[in-house]
Amino acid sequence: MTDRPSPSGQSLSLRLSVFALAWIALTLALAGVFLAGMFRDHVRRAFEAELSDHAAQIVALAEFDDAGRVRLKGAPANPEFERPLSGWYWRLAGAGGDVARSRSLWDRDLAVPAVADGAGSFVAGRGPRGEALVIGVRVLSLPEAPGPVTLAVAGPESHVADPLRRFVVALAGGLGLLGAGLALAVAVQVRAGLAPLRRMRAAVAHVRAGRREKVGGPFPADVQPLADEIDSLIAHNSAVIGRARSQAADLAHALKTPLAVSENEAAALGGTPGETLRSQAAVMGARIRRHLARARAAGARNVLGMATPAAPVVEDLVRALARLHPDRDIATRLEAPDAVFAGEREDLLEMLGNLAENACAWARRAVRLTV
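What you see is a predicted model; the values in this text were computed from it and never measured. (Residues numbered from 1 in each chain as written. Predicted model: local features only at pLDDT ≥ 70, side-chain atom pairs only at ≥ 80, totals over all residues. Heavy atoms only, no water.)

Draft legend 1. Region of the structure containing unusual backbone geometry. Of note, the phi angle at Leu-85 is positive, near 50°, even though the residue is not glycine. The topology assignment puts Leu-85 in the loop between strand E2 (70-72) and strand E3 (89-93). At Trp-106, a residue that is not glycine, the phi angle is positive and equals roughly 60°. By the element assignment, Trp-106 lies in the loop between strand E4 (99-101) and strand E5 (120-126). Taking the relative accessible area as the measure of exposure, Trp-106 reaches 59% and is therefore exposed. (Helix = DSSP H or I, 4+ residues; strand = E, 2+ residues; numbered from the N terminus. Buried < 20%, exposed > 50% of the residue type's maximum accessible area, 1.4 Å probe, protein only.)

Draft legend 2. Spotlight on the side chain of Ser-104. Mapped onto the elements, Ser-104 comes out in the loop between E4 and E5. Among the residues examined, Ser-104 registers a relative accessible area of 0% and is labelled buried. Of the polar contacts made by the side chain of Ser-104, one reaches the backbone oxygen of Trp-88; its length is 2.5 Å. Setting aside its immediate chain neighbours within four residues, Ser-104 contacts Glu-80, Phe-81, Glu-82, Arg-83, Pro-84, Leu-85, Ser-86, Trp-88 and Tyr-89. (Polar contact = N/O pair within 3.5 Å; in protein donor to acceptor, adjacent residues only side chain to side chain. Contact = heavy atoms within 4.5 Å.)

Draft legend 3. Up close: the packing of aromatic side chains. Tallying each qualifying case throughout the model produces 3 aromatic pairs. Ring centres of Phe-39 and Phe-167 lie 4.1 Å apart, and the angle between their planes is 15°; this geometry places the pair in the stacked category. Here Phe-167 lies in helix H2 (residues 158-193) and Phe-39 lies in helix H1 (residues 12-61), a separation of 128 residues in the sequence. Site record: aromatic cluster; members linked through ring pairs are Phe-47, Phe-81 and Trp-88. (Phe/Tyr/Trp six-rings, centres within 6.5 Å; stacked < 30°, edge-to-face > 60°.)

Draft legend 4. Up close: helix H3 (residues 195-209). The end-to-end C-alpha distance of H3 is 21 Å, a good match for the 21 Å that 15 residues give at a rise of 1.5 Å each. Among all positions in H3, only Pro-196, Arg-198, Met-200, Ala-203 and Val-207 are buried. (Expected span 1.5 Å × (residues − 1).)

Draft legend 5. Spotlight on H2. If you check H2, its first and last C-alpha atoms are 50 Å apart, about what 36 residues at 1.5 Å a residue would give, namely 52 Å. Residues of H2 that are buried sit in contact with H1 and strand E7 (149-156).

Draft legend 6. Main features of the side chain of Ser-102. Summarising the element assignment, Ser-102 is placed in the loop between E4 and E5. Residue class for Ser-102 comes out buried when judged on its relative accessible area of 2%. Filtering out sequence-adjacent residues up to four positions away, Ser-102 remains in contact with Phe-81, Trp-88, Tyr-89 and Trp-90.

Draft legend 7. Spatial organisation of the environment of Phe-167. Here Phe-167 falls in the partly exposed class, since its relative accessible area comes to 25%. Along the sequence, Phe-167 and Phe-39 sit 128 residues apart, while their C-alpha atoms lie 8.0 Å from each other. Ignoring anything within four residues of it in the chain, the contact list for Phe-167 reads Leu-35, Ala-36 and Phe-39.

Draft legend 8. Seen up close, the packing of H2 against H3. Between H2 and H3, whose axes approach to 4 Å, the crossing angle comes to 40°. In this structure, H2 uses Arg-191, Ala-192 and Gly-193 to contact H3, whose residues at the interface are Ala-195, Pro-196 and Arg-198. Split into classes, the residues belonging to the contact of H2 with H3 amount to 3 nonpolar, 1 polar and 2 charged. (Axes fitted to C-alpha atoms, helices over the stretch in contact; angles between N-to-C directions. Nonpolar A, V, L, I, M, F, W, Y, C, P; charged D, E, K, R; others polar.)

Draft legend 9. Fine view of the packing of H1 against H2. Close contact between H1 and H2 brings their axes to 9 Å; oriented N to C, the two are set at 160°. Of the possible angle classes, the one that applies to H1 and H2 is roughly antiparallel. Helix-helix and strand crossings are classified by hand; for H1 and H2 the assignment is right-handed. For the contact of H1 with H2, the per-class residue count stands at 22 nonpolar, 5 polar and 2 charged. (Parallel < 35°, antiparallel > 145°, perpendicular 65-115°, else oblique. Left-handed = near helix turned anticlockwise from the far one by under 90°.)

Draft legend 10. A look at the nonpolar core. Membership of the largest hydrophobic core comes to 22 residues, with the highest contact counts inside it found for Leu-72, Trp-90, Leu-92, Leu-151 and Val-153. At the level of elements, H1, strand E1 (62-64), E2, E3, strand E6 (132-140) and E7 are the ones that each hand at least two residues to this core. The leading source of residues in this core is H1, at 6 residues. Once residues within four sequence positions are removed from consideration, Leu-151 is found in contact with Ala-55, Ile-58, Val-59, Arg-91, Leu-92, Gly-136, Val-137, Arg-138 and Leu-140. In terms of nonpolar packing, the next biggest core, distinct from the first, is built from 10 residues, Val-318, Leu-321, Ala-356 and Cys-360 among them. (Core = buried A, V, L, I, M, F, W, Y, C linked by side-chain atoms within 4.5 Å.)

On their own, these measurements won't tell you what the molecule is for.
In structure tokens, the structure reads:
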């Protein structure tokens, strides 16, 4: 049996899969955003700490001459400050307007935003070539300085963006593989979780086809009550049909005697009135028998789990007809490969009896029964 959505709506497995996959996708997306944000903050803080270390080193190397002009008594440890237009720059501005710059600025200057005395901040800026920078700005009060000194140390913003981009690519690949694994796990879980329902559906189909009398089990504790209710419904249906058949039989017996009395009285009456009464009684009896037979057949057809193999019944019928017509020598061929009648054996015999008897009565040489 295949898993197909019912015409009235989506299948249960599709609903469970869609809800689970949507939740997995949302969770992984939120986790990706959260982890990328944490990594970005970590890289940014590490880069700002590096700029602060360079600033501390520059402050330690700063000195002032007798005129109050600022200069460095040595080169910073980072060689990028010496390479022209490297993206790493520093600028130290004294209170008198004199400025000391890193050799990496060459003959250009670095735009530094104004900050309050004693304050420090990290801001985004642009370098001499228009490159994106992270600039750490501090206003310091040094003992030798005649006034506040503004120090700016800048580094390439790519030192933050490039690691973040590589991390996001790796994170997306990892989360994608995790999502694929979780999607496969959802498919397996839904398949395994709904397996008892598929077994129950197969069992109900076997009951309908007459291959078993009830759904039975065992099923998981969540599903077994449903199977028990179905079996109770089947048993109740069978009991109702059985009572209807018994009532039909009782009705047939109840009408049989009055009809026989009517026929006898008609025969005793004689003449045209008697013949008319007798014929009408015969018509009434035939109609009653026909409708009772149809009611029995319809009731048996609606009973779940009731089935009769057709071949043995038809073979018995053929043998009985051969005994009724021993002098005809009629060849009878039966074609009933695994046919099953959804009803009782007696009903099948009653429905086929007149048809087969007429066939044998009017056949010349052979009768073929196809079920």
